[in-house]
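# Structural features, examined
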Amino acid sequence: MKAIQWIISALVAVVIIAAAVGVGVYFTRLKSIHSIRKLTDYENYNLYRMDIDYAYDLDRLIDRGITDNQSMINAILAEALPYLPIHMKAPNFGCSAFCTQGTDGHTLMGRNYDFKNDTSAMLVYCTPKDGYASVAFAALDNVNANTPDASMAKKLATLTAPFICLDGMNEKGVSIAVLTLDSDPTYQQTGKPMIATTLAIRLVLDRAATTAEAVELLSKYDMFASSGRDYHFYITDASGDGRVLEYDCNDPLTVTPSRSVTNFFVMYKDNVLPNQRNGVYGHGRERYDAIEEILDANAGSIDREIAWQALQAASQAPNPQDVTSNTQWSILYDNTALTAEA
């Protein structure tokens, strides 16, 4: 009888400890969920915002080991939603982006996010304890949470938002965007820690004060291009240093200064023609040319209105057969004033 009582007492203690741990872990996560606000009122897809109050550990997430899509997803869920089973799919991304100096001396980074599937978007505000504050965009369709206020399950899914952002800007004026390519997915195995596509965005936002620092950070990791597609990154800073970071056939990181970028290797720009696929080199030259034409035509007088014209010129209508069609959002980051207009 005493043995049975001891076992029961031990089990009760375990349950109490587990509950206490759960409350501690999820208190700030529930605060994050409570901060969700709906900013638009359209019929199906909307813009939301949330403040991430829980203390995530990006190094711990990466150290869990990322070797494929599922291990990436598992690592993200273990960090954002410990103890809870929840499904998430790896995202794809298309897009156009550019960096220019306005007449007021401010550095502007414009970005179109293009993807064939319609999605709601979340403005994600992060203030990591040992990093830089940032605002970034996440596509909620990627975590099956287009209507995050519809259920607790969808609200919980939004806790993964810091790790699925597709573009953003931090308090130091560094902005970053990811864009898809047509080449084979990058999968580097040189012995460095491995990082996946959207985690690279979080790394840069949290820890880079300049474009040069961002390049140095990413050079310390092997890159895994998630979701079966290849990608490159466009990074700019408050000084106007805009660079495209590309992984060419698993070679080390290649960095190319560029004012504009779409869905082709900037380092192979001369091999890319407009209005067609160009094999592994990519596509989207016509959108790149449209941006460049507007920026060139207004050299010396570029302001926010001109920047928005460039974004409009590169926007795309829906095409179910093209993963990089269908502009979901456009945003203009001011890396100097630290503002964002969507």
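Refer to the preceding data block for the structure.
Source: prediction; values computed, not measured.

Bringing the sheet that holds strand E4 (residues 107–114) into the picture now. One key point about sheets: their strands pair by backbone hydrogen bonds, in either a parallel or an antiparallel sense. If you trace the five strands from one edge of the open sheet to the other, you get E14-E3-E4-E17-E18, paired in antiparallel fashion. The open sheet is flanked by strand E14 (260–261) and strand E18 (339–341), the only strands paired with a single partner. Pairing of strand E3 (residues 96–101) with E14 involves two bridges; the strand directions are antiparallel. Its bridge partner being in E14, phenylalanine 98 is matched across the sheet by serine 260. In this fold helix H7 (residues 285–297) packs onto E3, E4 and E14, with an angle of close to 15° to the strand it touches most, E3. Sitting on the sheet, helix H8 (residues 304–313) is in contact with E3, E4, strand E17 (327–334) and E18, with an inclination near 150° to E17.

The next thing to look at is the nonpolar core. Core analysis: the biggest nonpolar cluster contains 82 residues, and Phe163 and Phe233 have the highest contact counts within it. Among the nonpolar cores identified, the runner-up in size contains 12 residues, and Leu108, Ile294, Ile302 and Ala310 belong to it.

Overall, the coordinates contain one cavity of 30 Å³ or more when judged by the stated rule. Considered as a void within the structure, the largest cavity measures approximately 40 Å³ in volume. Lining the largest cavity, in full, are Thr186, Thr197, Met223, Ala225, Asp230, Tyr231, Phe233 and Tyr247. Here the lining of the largest cavity gets three residues from one element, more than from any other, and that element is strand E11 (residues 230–236).

A word on helix H6 (residues 211–218). Within H6, burial applies to Thr211, Ala214, Val215, Leu217 and Leu218. Burial along H6 is one-sided: seen end-on, the buried residues are contained in an arc of 160°. For H6, the elements touching its buried residues are helix H5 (197–207), E11, strand E12 (243–247) and strand E13 (253–257).

Attention now goes to the sheet that holds E13. Strand order across the open sheet formed by nine strands is E1-E2-E5-E6-E7-E8-E11-E12-E13, with mixed pairing between neighbours. Each end of this open sheet is capped by a strand with a single partner; those strands are strand E1 (37–38) and E13. Where E12 and E13 come together, five bridges link them in antiparallel fashion. Paired with arginine 243 across the strands is proline 257, a residue of E13. On top of the sheet, H5 reaches strand E5 (121–126), strand E6 (134–139), strand E7 (165–170), strand E8 (175–181) and E11; it is set at about 5° to E7, its chief contact.

Cut-offs and rules
Residues numbered from 1 in each chain as written. Predicted model: local features only at pLDDT ≥ 70, side-chain atom pairs only at ≥ 80, totals over all residues. Heavy atoms only, no water. Pairing = 2+ DSSP bridges. Helix = DSSP H or I, 4+ residues; strand = E, 2+ residues; numbered from the N terminus. Contact = heavy atoms within 4.5 Å. Axes fitted to C-alpha atoms, helices over the stretch in contact; angles between N-to-C directions. Core = buried A, V, L, I, M, F, W, Y, C linked by side-chain atoms within 4.5 Å. Buried < 20%, exposed > 50% of the residue type's maximum accessible area, 1.4 Å probe, protein only. 1 Å grid on protein atoms, 1.4 Å probe; cavity = no way out; pocket = protein on both sides within 12 Å on 5 of 7 lines; lining within 4 Å. Points joined across faces, edges and corners; volume = space filled by probe spheres on them. Arc of directions from axis to C-beta.

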